[in-house]
Amino acid sequence: MEDTYLNLPNFVPLSDALWHLGSVGLMVSYGACFAFIVYFLMTSLQLAPRYKLVAILSAVVMASAGLSLFREWSMWNASYAWDAAAMIWQPQSDGQTFSNIYRYGNWTITVPLLLTQLPIAFGLARGEIHKRAIRMSIAGVLMIWTGVVGQFGEVSDYGLLNLWGFISTAFFIWLLFEVYMTIKAGKLASPARAKWPHNLFFYMLLTWGLYPIAYALPQLGQTGEVVVIQQYLFTAADITTKLIYGVILSRYCLRRSADEGYGPAMAALDDTGTLSGAKANLT
Ligand code: RET
């Protein structure tokens, strides 16, 4: 046995439709991540120097997540075999097994990066960026690794799953507090654009909140539907917390760059076709 075993997909046979849905969902996630590396690298060219890192970090997140999701997709394909007699996909108990744990490994890299993007995008002072990024990253990593312990219980030990899920949630609440404080500082630093950070907090609450739901889902029953819905919740969370979040932040930075008189950003936002960019949209 090559991989961790105690994840639900290794115990539940899947119909042909469910197996393919699972495989497609994972493929779409890594495909989108790899494609958006190009988007973020090109976008960075339009941002003022102090915001460029925001788009570059998004490209790094996309590469890291893409690799890890490619691994999940490969495992999914190798972990099941088609049983022609029963017309069903059977989990392979003696070969490759499926595991969600590589996701947690990946978040250990991506969560600190995603959180560090915030104070940079808000244009906070360097010392503030360091202090806030470190505090948010510590809370984030503790949240993830307590979750790693708990996810081993998703098949046969709901006590373990819920105990560590609870401890992880305490770190999540601390993390949300730190994010809230960073967003508050961001609003103060740029009152003309305060609406973006304000809305971003609720967006993060909603999209980061999908992960604990996916974590807890196996308790609803050991069925093929639960297996596949869990993967789709992870996919929805992956696309919204990394890719769409990156697009939102880089569009915000583009507007700030234009507000601050950076030519390429003013030209990118210029809708008069004259490249004057003089009326960078301040709404
Ligand atoms: C866990 C364990 C159960 C309790 C909670 C969790 C929260 C996980 C979150 C993960 C966010 C990941 C991101 C990854 C981006 O690449 C660990 C599932 C609260 C919020 C944003």
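This text goes with the structure placed above it.
Just so it is clear, the structure is predicted and the values come from calculations on it, not from any experiment.

How each quantity is defined
Residues numbered from 1 in each chain as written. Predicted model: local features only at pLDDT ≥ 70, side-chain atom pairs only at ≥ 80, totals over all residues. Heavy atoms only, no water. Near = heavy atom within 4 Å. Polar contact = N/O pair within 3.5 Å; in protein donor to acceptor, adjacent residues only side chain to side chain. Areas by Shrake-Rupley, 256 points an atom, 1.4 Å probe, with all protein chains shown as cover. 1 Å grid on protein atoms, 1.4 Å probe; cavity = no way out; pocket = protein on both sides within 12 Å on 5 of 7 lines; lining within 4 Å. Sits in = over half its atoms within 2 Å of the grid points. Helix = DSSP H or I, 4+ residues; strand = E, 2+ residues; numbered from the N terminus. Nonpolar A, V, L, I, M, F, W, Y, C, P; charged D, E, K, R; others polar. Axes fitted to C-alpha atoms, helices over the stretch in contact; angles between N-to-C directions. Parallel < 35°, antiparallel > 145°, perpendicular 65-115°, else oblique. Left-handed = near helix turned anticlockwise from the far one by under 90°. Points joined across faces, edges and corners; volume = space filled by probe spheres on them.

### Structural notes on the site of the ligand
- Contacts to the ligand come from 16 residues, most closely from Thr 110, Met 143, Ser 168, Tyr 211 and Lys 242.
- At 2.7 Å from an oxygen atom of the ligand is found a side-chain nitrogen or oxygen belonging to Thr 110.
- Isolated, the ligand exposes 540 Å² of accessible area, and the fraction of that covered by the protein chains is 99%.
- When atom positions are compared with the pocket grids, the ligand is found to occupy the largest pocket.
- The set of elements that each furnish at least two residues to the shell around the ligand consists of helix H3 (101–121), helix H4 (126–151), helix H5 (158–189), helix H7 (210–216) and helix H8 (224–259).
- When grouped by side-chain class, the residues that make up the shell around the ligand number nine nonpolar, six polar and one charged.

### Considering the packing of helix H2 (residues 49–79) against H3
- With their axes 9 Å apart at the nearest point, H2 and H3 run at an angle of 165 degrees to one another. One way to sum up the angle between H2 and H3 is to call them roughly antiparallel. The interaxial crossing formed by H2 with H3 has left-handed handedness.
- Its residues placed into classes, the contact of H2 with H3 shows 15 nonpolar, six polar and four charged.

### Notes on empty space enclosed by the protein
- Scanning all chains against the criterion turns up one cavity of 30 Å³ or more.
- Its boundaries defined by the atoms lining it, the largest cavity holds a volume of some 30 Å³.
- Lining the largest cavity are Phe 122, Trp 196, Pro 197, Leu 200, Ile 248, Leu 249 and Tyr 252.
- Class assignment for the residues of the lining of the largest cavity results in seven nonpolar, no polar and no charged.

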